[in-house]
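# Tertiary structure, described
Take a look at the letters that make up each chain.
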Protein chains: 2
Amino acid sequence: MKRAVCLLSGGLDSSTSIAIAKEEGYELYALSFDYGQLHRRELEAAKAIADHYGVREHVIYRLANFGGSALVDGNMEMPMDRDEEEMTDIPISYVPARNTVFLSIALGWAEVLDADAIFIGVNALDYSGYPDCRPEFIEAYQRMADLATKKGVEGGKIEIKAPLLHMTKAEIIKKGMKLGVPYELTWSCYKGGEKACGRCDSCGLRLKGFREAGYSDPINYETDENR
Amino acid sequence: MKRAVCLLSGGLDSSTSIAIAKEEGYELYALSFDYGQLHRRELEAAKAIADHYGVREHVIYRLANFGGSALVDGNMEMPMDRDEEEMTDIPISYVPARNTVFLSIALGWAEVLDADAIFIGVNALDYSGYPDCRPEFIEAYQRMADLATKKGVEGGKIEIKAPLLHMTKAEIIKKGMKLGVPYELTWSCYKGGEKACGRCDSCGLRLKGFREAGYSDPINYETDENR
């Protein structure tokens, strides 16, 4: 049975991505990161999703961070209410080299497991403007990984799979609904509140996605207007 | 003043590499990793070298490991007394994706520091056959890093500098002696003993390098025959 390491933040995208890995017949190994994110609730969501999909193993990997992002530094102001045009700029919620680091830890684990693939839920259409969510980044990462690993050198491959890369948020949600992803268990909001704020980039993209997909988002928001 | 994050294991290569960064006029930030290596002595060596070079900051970054290498798993037998021909095979001291992970953490820190370069002491001539020590790996990593980072996207660059890449061990030692690298403070041996074993890949390459460079290695070995 082929194996996949699935990056799982507990958000909408990574939860859909692991559902796709399951659909494709991989044995699942979930990898989440505790990097000091203020929205630690997402780690609980990651556990619930990993349980739901019956992963073989779920590692929550601790990483110290060097600051430099509103996702880890409570003194930096989280961008709120940004419109789509503004989201083409890289915001201060960008975590330096985050996907590079996450994929690299995943690559190490994948080598030890002799896994065939790494699933990552990045998408380059409805996203916050982060450089490490673009197709050219994923391609360059794959090329580097082929040269970096024992498996790559010996003629094998650890495939970096980003099945959501070219999908809009609405398309992702439609795909996930078809696969039965339990979106009520997921957590996307960058603020660590009791309910999702509905106003950060991540909530904004999620709500727009559900609206455009024609579904109602099953999680609770601070204000009903945001639904 | 331009800044560099210098990967510093405490061994001969990384200590020469940080000396070169200093010679080139960079403000130095040293980064070492505690990844469960059995030869933890190298971290003490890293501290001594960082002190010697008066780095602005020295971070010892903790990383959990997934096993899979004789450098972290005491039950795996360390390859000893390998000759040069055997060293073209990837040995079980290979740590899965190690340089990929180290460079990625360095990349994140470099972005936060707004650093201009990352120094890594890999070399592709007298080495153990690790895939992530080859020029094609460093090139592919640079390309990926240019696409991964905010700095890269905005027209800047974090340069991956591997000044030892095309040097033999003897050339590295000659360069280091010229720069006054305190090799008596460094630690290369893969075994965590009181004295260097003189027989693992790392000791073997080091001893051969000193011999060919025409210097005597200032550290102590278990047996005098190894000098």
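In what follows, the structure referred to is the one given above.
An account of the accompanying structure is given in this report. (Residues numbered from 1 in each chain as written. Chains lettered and ligands numbered in written order. Predicted model: local features only at pLDDT ≥ 70, side-chain atom pairs only at ≥ 80, totals over all residues.)

## Notes on the overall build of chain A
- When helices and strands are counted, chain A shows 7 helices and 5 strands.
- Taking 17 Å as the expected radius of gyration for a compact globule of 227 residues, we find that chain A reaches 17 Å, a close match to that expectation.
- With the C-alpha coordinates of chain A rotated into their principal frame, the extents come out at 55 × 35 × 30 Å.
- When the 227 residues of chain A are sorted by exposure, 50% land in the buried category.
- Restricting the contact set of chain A to residue pairs at least 6 apart, pairs at least 24 apart contribute 72%. (Helix = DSSP H or I, 4+ residues; strand = E, 2+ residues; numbered from the N terminus. Rg over C-alpha atoms; globule rule 2.2 N^0.38 Å. Buried ≥ 20, exposed ≤ 12 C-beta atoms within 10 Å, placed from the backbone. Contact = placed C-beta atoms within 7 Å.)

## Some remarks on the packing of helix 6 (residues 169-179) of chain B against helix 7 (residues 201-213) of chain B
All names here are of chain B.
- At a closest axis distance of 8 Å, the pairing of helix 6 and helix 7 adopts a crossing angle of 65°. By the angle between their directions, the pair helix 6 and helix 7 is classed as roughly perpendicular. Considering the relative orientation of helix 6 and helix 7, their crossing is right-handed. Contact residues: helix 6 offers Lys169, Ala170, Ile172, Ile173 and Lys174, while helix 7 offers Leu205, Arg206, Lys208, Gly209, Phe210, Glu212 and Ala213.
- Its residues assigned to classes, the contact of helix 6 with helix 7 shows 6 nonpolar, 1 polar and 5 charged. (Axes fitted to C-alpha atoms, helices over the stretch in contact; angles between N-to-C directions. Parallel < 35°, antiparallel > 145°, perpendicular 65-115°, else oblique. Left-handed = near helix turned anticlockwise from the far one by under 90°. Nonpolar A, V, L, I, M, F, W, Y, C, P; charged D, E, K, R; others polar.)

## Regarding helix 2 (residues 41-52) of chain A
Residue and element names in this part refer to chain A.
- With 12 residues, helix 2 ought to run about 16 Å at 1.5 Å a step, and its terminal C-alpha atoms sit 17 Å apart, in line with that.
- If you check which residues of helix 2 are buried, you get Glu42, Ala45, Ala46, Ile49 and Ala50. Projected onto a plane normal to the axis of helix 2, the buried residues spread over an arc of 135° and lie on a single side. Along helix 2, the residues that are exposed and aim more than 90 degrees away from the buried face are Glu44 and Asp51.
- Packed against the buried residues of helix 2 are helix 1 (12-23), strand 2 (27-34) and strand 3 (57-62). (Expected span 1.5 Å × (residues − 1). Arc of directions from axis to C-beta.)

## Let's talk about the nonpolar core
- Counting 131 residues, the largest nonpolar core has Cys6, Ala106 and Ile118 of chain A together with Ala4, Cys6, Ala106 and Ile118 of chain B as the members making the most contacts within it.
- Look past the residues within four positions of cysteine 6 of chain B in its chain and what remains in contact with it is Ser17, Ile18, Ala21, Leu28, Tyr29, Ala30, Leu31 and Phe119 of chain B. (Core = buried A, V, L, I, M, F, W, Y, C linked by C-beta atoms within 7 Å.)

## Description of the interface of chain B and chain A
- Taken together, the contact pairs 33 residues of chain B with 33 residues of chain A.
- At the level of secondary structure, the elements contributing two or more residues to the side of chain B that touches chain A comprise strand 3 (57-62), helix 3 (98-113), helix 4 (135-148) and helix 5 (150-153) of chain B.
- Tallying contributions element by element places helix 3 of chain B first for the side of chain B that touches chain A, with 9 residues.
- Looking at side-chain class alone, the side of chain B that touches chain A contains 20 nonpolar, 7 polar and 6 charged residues.

## Examining the relation of the copies chain B and chain A
- Rotating chain B by 180° and moving it 0.0 Å along the rotation axis overlays it on chain A with an RMSD of 0.0 Å. Here the two chains are linked by the operation of a two-fold rotation axis.
- A shared binding surface is used by both copies, with 100% of the interface residues of chain B retained as interface residues in chain A. (Least-squares fit on C-alpha atoms with pLDDT ≥ 70 in both.)

## Here's the deal with unusual backbone geometry
- Despite not being glycine, alanine 97 of chain A has its phi angle at roughly 55°, a positive value.
- Classification of alanine 97 of chain A as buried rests on a count of 29 C-beta atoms within 10 Å.

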